[in-house]
Amino acid sequence: MGIFNYPVTDKQDFSSLLTEIDRILSGVISSLVNPQEVTSETIIATRQHLESARVMLSPLLLPDQTPEVARWSLGMEVQPEGVKIVFFRESQGLIDFYPLSWSLATGTSDLLPCSQVEEYLISWLSNRDFSTDSWLWEALARLEAIIITDDGETPTDDLKKALLTAQLIPPDRLSSLETALATALAHIPTSDQPQPQTLLVIEGKRETTTLAIVEVPPQTRSLSRQAIAMSHFNYGENTYEQAILSHLIYPLWRSFLPLSRSDLTDTNPLKKSLLAAARLTKLILQEESEFTSSLAGHTWTVSRTDLNKKVIIPYIDNLRQKVNDLLEKQQKSLEDIDRIIFSGNFFLTIWPYFLTEIQQEFAGCNLEAPSQETFSPAILGLGRLCLFSALRGEKVNNA
């Protein structure tokens, strides 16, 4: 028997449909021949086209079956620079992504400033051509939920007010999901597994580092918040730059700086210039093992060895202690962790020269590097949330 379980007796013209399917399959074959041209965007686009073709063919090939109604949700990943907005379509466990982009005064961007969500979102919906964007009509008609990431640092109250003003959904369908937990969902299989597994997510942000232990059951979609423990401590990218200033730059400059370390407060105008020098030092040491510069006739040298010794290793020691504290509260050890997943802009910044030290500190562990894909793990996790019904509307166990 071939792929056609039922004979097609309708005499309508299928030429346009067959042409479209031929185009899609040609693209799939091309991607197999030229894998270097395959991106996450082309994969998603191809699957969306194939799904459209399946929807058109199903009533003809399977006339006795009731078509499944897709579920739609809207995810918003809140970042310091703005919010990324993506529609999700779930059907039979497969999730398609429909990211939005915006024509801002600074150019086209996939990030929308939080303060402009109400203005742009309502304008975008009001001026949309639903005849060409047929998916949007379906998405808004069947929208079940809006989920916003919560990193614990970026305010989201104004964003939530804007969404309620837009009246896309009732207030009880608007919710938040911790960014670290959304990241974990991106790494959890949606099919049953023979054994449970335990994940540790380490999320580095601007001011804090968040830890999340997730105990995934064999029936992965039954994951509940009782199986999740979270904690955080005050160290992030801003703290890291401050440490470079305090431990690398200031000791070299203090002989000709008219201030003491205690004078380096946020209100001191000189601190802004010194922090700019710290950020520059951070960037240069990503590419060079050391560099030499001069200031007011004084020559000073900073090396990656000094950075590791005085900044990175103390942070990793602190990180390991915080991980041990959370593991102890959950009556676990590091050997119980199947994977350690790093995420967040902080780790993206320091990962190249952070990796060696972290591999030594967590020797024997399966480490996942922070993702640099167009769709972050947090976005993928928001899209998958609909498959984990037990997670919605419950409290996380904050250890």
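Everything numeric in this text was worked out from a predicted model, so none of it was measured.

Visitor: Can you help me understand the overall build of the chain in this one?
Guide: For the chain, the helix and strand inventory stands at 11 helices and 16 strands. Of all 399 residues assigned to the chain, the portion counted as buried reaches 44%. Taking the intrachain contacts of the chain between residues at least 6 apart in sequence as the baseline, contacts between residues at least 24 apart amount to 67%. Accessible area of the chain: about 21100 Å², with a carbon and sulfur share of 50%.

Visitor: Would you explain the pairing of strand β9 (residues 197-204) in this entry?
Guide: Both faces of the sheet carry side chains from a regular strand, because those side chains alternate between them. Across the eight residues of β9, eight count as buried, placing the element largely inside the fold. Relative to strand β10 (residues 209-216), β9 runs antiparallel, the two being bridged by eight bridges. Residue leucine 199 lies in a different strand from β10, and its bridge partner there is valine 214. Turn length for the β9-β10 hairpin, with the two strands adjacent in sequence and antiparallel, is four residues. As paired elements, β9 and strand β14 (residues 339-343) share five bridges and run parallel to each other. Within β14, the residue paired with leucine 199 across the bridge is arginine 339.

Visitor: How should the side chain of asparagine 308 be read in this particular structure?
Guide: By the element assignment, asparagine 308 lies in helix α9 (residues 304-329). Accessibility expressed as a relative area gives 13% for asparagine 308, which makes it buried. Contact partners of asparagine 308, with chain neighbours within four places excluded, come to Ile313, Pro314, Tyr353 and Glu357.

Visitor: How should the nonpolar core be read in this particular structure?
Guide: Counting residues in each nonpolar core, the largest one holds 47 residues, and the members touching the most others are Tyr240, Leu319 and Phe354. Sort the elements by how many residues they give to this core and α9 lands first, with nine residues. The residues touching tyrosine 240, leaving out its near neighbours within four places in the chain, are Tyr235, Lys282, Leu307, Val311, Ile312, Phe346, Ile350 and Tyr353. Ranked by size, the runner-up nonpolar core spans 32 residues in total, among them Val214, Val216, Phe375 and Leu387.

Visitor: What is the right way to look at helix α10 (residues 345-361) in this model?
Guide: Along an α-helix, a turn takes 3.6 residues, which lines up residues three or four apart on a common side. For α10, with 17 residues, the first-to-last C-alpha span of 21 Å runs short of the 24 Å given by 1.5 Å per residue. The largest bend along α10 reaches roughly 85° and is located at tryptophan 351, with the proline proline 352 sitting one to four residues downstream. Of the residues making up α10, those classed as buried are Phe346, Phe347, Thr349, Ile350, Trp351, Tyr353, Phe354, Glu357 and Ile358. Looking at the packing, one finds that the buried side of α10 touches β9, α7 (237-253), α8 (269-287), α9, β14 and β15 (367-368).

Visitor: What's the story with the pattern of salt bridges in this structure? I'm lost.
Guide: Close approach of charged atoms allows side chains of opposite charge to pair. What the rule picks out here adds up to 12 salt bridges. In this structure, the salt-bridge partner of lysine 282 is glutamate 237, at a minimum N-O distance of 3.1 Å. Of the two residues, lysine 282 sits in helix α8 while glutamate 237 sits in helix α7, which places them 45 residues apart along the sequence. We classify lysine 282 as buried; its relative accessible area is 5%. Residue lysine 282 pairs with glutamate 241 through a salt bridge whose shortest N-O separation is 2.6 Å. Taken together, the residues lysine 282 in helix α8 and glutamate 241 in helix α7 connect sequence positions 41 residues apart.

Visitor: Looking at this structure, I do not really get unusual backbone geometry. What am I missing?
Guide: Peptide bonds are, in most cases, trans, and in most cases residues other than glycine have a negative phi. Positive phi, close to 55°, is recorded for glutamine 92, a residue that is not glycine. In this model, glutamine 167 sits at a positive phi of 55°, which is unusual for a non-glycine residue. As for its position among the elements, glutamine 167 is in the loop between α5 (157-166) and β8 (174-178). Here glutamine 167 falls in the exposed class, since its relative accessible area comes to 67%.

Visitor: It is not clear to me how the packing of aromatic side chains should be interpreted in this structure. Could you clarify?
Guide: Two descriptors summarise a pair of aromatic rings, namely the distance from one centre to the other and the angle between the planes of the rings. According to the stated counting rule, one finds 21 aromatic pairs in the structure shown. Ring centres 5.1 Å apart and planes at 85° place the aromatic pair tryptophan 253 and tryptophan 300 in the edge-to-face group. One end of the pair, tryptophan 253, is in helix α7; the other, tryptophan 300, is in strand β13 (residues 298-303), and 47 residues separate them in sequence. Looking at tryptophan 253, the relative accessible area reads 7%, which means it is buried. Of the residues examined, tryptophan 300 reaches a relative accessible area of 8% and is grouped as buried. Through pairs of rings, three or more aromatic residues link up here, namely Phe233, Tyr235, Tyr240, Tyr315, Phe342, Phe346, Phe347, Trp351 and Phe354.

Visitor: In this structure, what is going on with the confidence of the model for the chain? I would like to understand it.
Guide: A low pLDDT score tells you not to read the predicted coordinates there in detail. Across the chain, the average pLDDT comes to 82, with 79% of residues at or above 70. Long-range and interchain partners of residues 1-12, a stretch whose pLDDT sits below 50, account for 10 contacts in this model, where long-range means more than four residues apart.

Visitor: Sorry if this is basic, but what is going on with the packing of α7 against α9 here?
Guide: Between two packed helices, what matters for the description is the angle formed by their axes and the separation of those axes. In contact at an axis separation of 10 Å, α7 and α9 are set at 120° when each is read in the N-to-C sense. Taken together, α7 and α9 sit at an angle that is classed as oblique. Two packed elements cross with a definite hand, and for α7 against α9 that hand is right-handed. Residues Tyr240, Ala243, Ile244, His247 and Leu248 of α7 form the contact with α9, whose participating residues are Asp306, Leu307, Lys310, Val311 and Ile312. In terms of residue class, the contact of α7 with α9 is built from seven nonpolar, one polar and two charged.

Visitor: Just checking my understanding: could you explain the environment of phenylalanine 375 for this structure?
Guide: Of note, phenylalanine 375 is situated in the loop between β15 and α11 (377-384). Taking C-alpha positions, phenylalanine 375 is 9.5 Å from valine 86, a pair spaced 289 residues apart along the chain.

How each quantity is defined
Residues numbered from 1 in each chain as written. Predicted model: local features only at pLDDT ≥ 70, side-chain atom pairs only at ≥ 80, totals over all residues. Heavy atoms only, no water. Helix = DSSP H or I, 4+ residues; strand = E, 2+ residues; numbered from the N terminus. Buried < 20%, exposed > 50% of the residue type's maximum accessible area, 1.4 Å probe, protein only. Contact = heavy atoms within 4.5 Å. Areas by Shrake-Rupley, 256 points an atom, 1.4 Å probe, with all protein chains shown as cover. Pairing = 2+ DSSP bridges. Core = buried A, V, L, I, M, F, W, Y, C linked by side-chain atoms within 4.5 Å. Expected span 1.5 Å × (residues − 1). Bend = angle between axes of the 7 residues up to and from the residue. Salt bridge = Lys/Arg side-chain N within 4 Å of Asp/Glu carboxyl O. Phe/Tyr/Trp six-rings, centres within 6.5 Å; stacked < 30°, edge-to-face > 60°. pLDDT = per-residue confidence, 0-100. Axes fitted to C-alpha atoms, helices over the stretch in contact; angles between N-to-C directions. Parallel < 35°, antiparallel > 145°, perpendicular 65-115°, else oblique. Left-handed = near helix turned anticlockwise from the far one by under 90°. Nonpolar A, V, L, I, M, F, W, Y, C, P; charged D, E, K, R; others polar.

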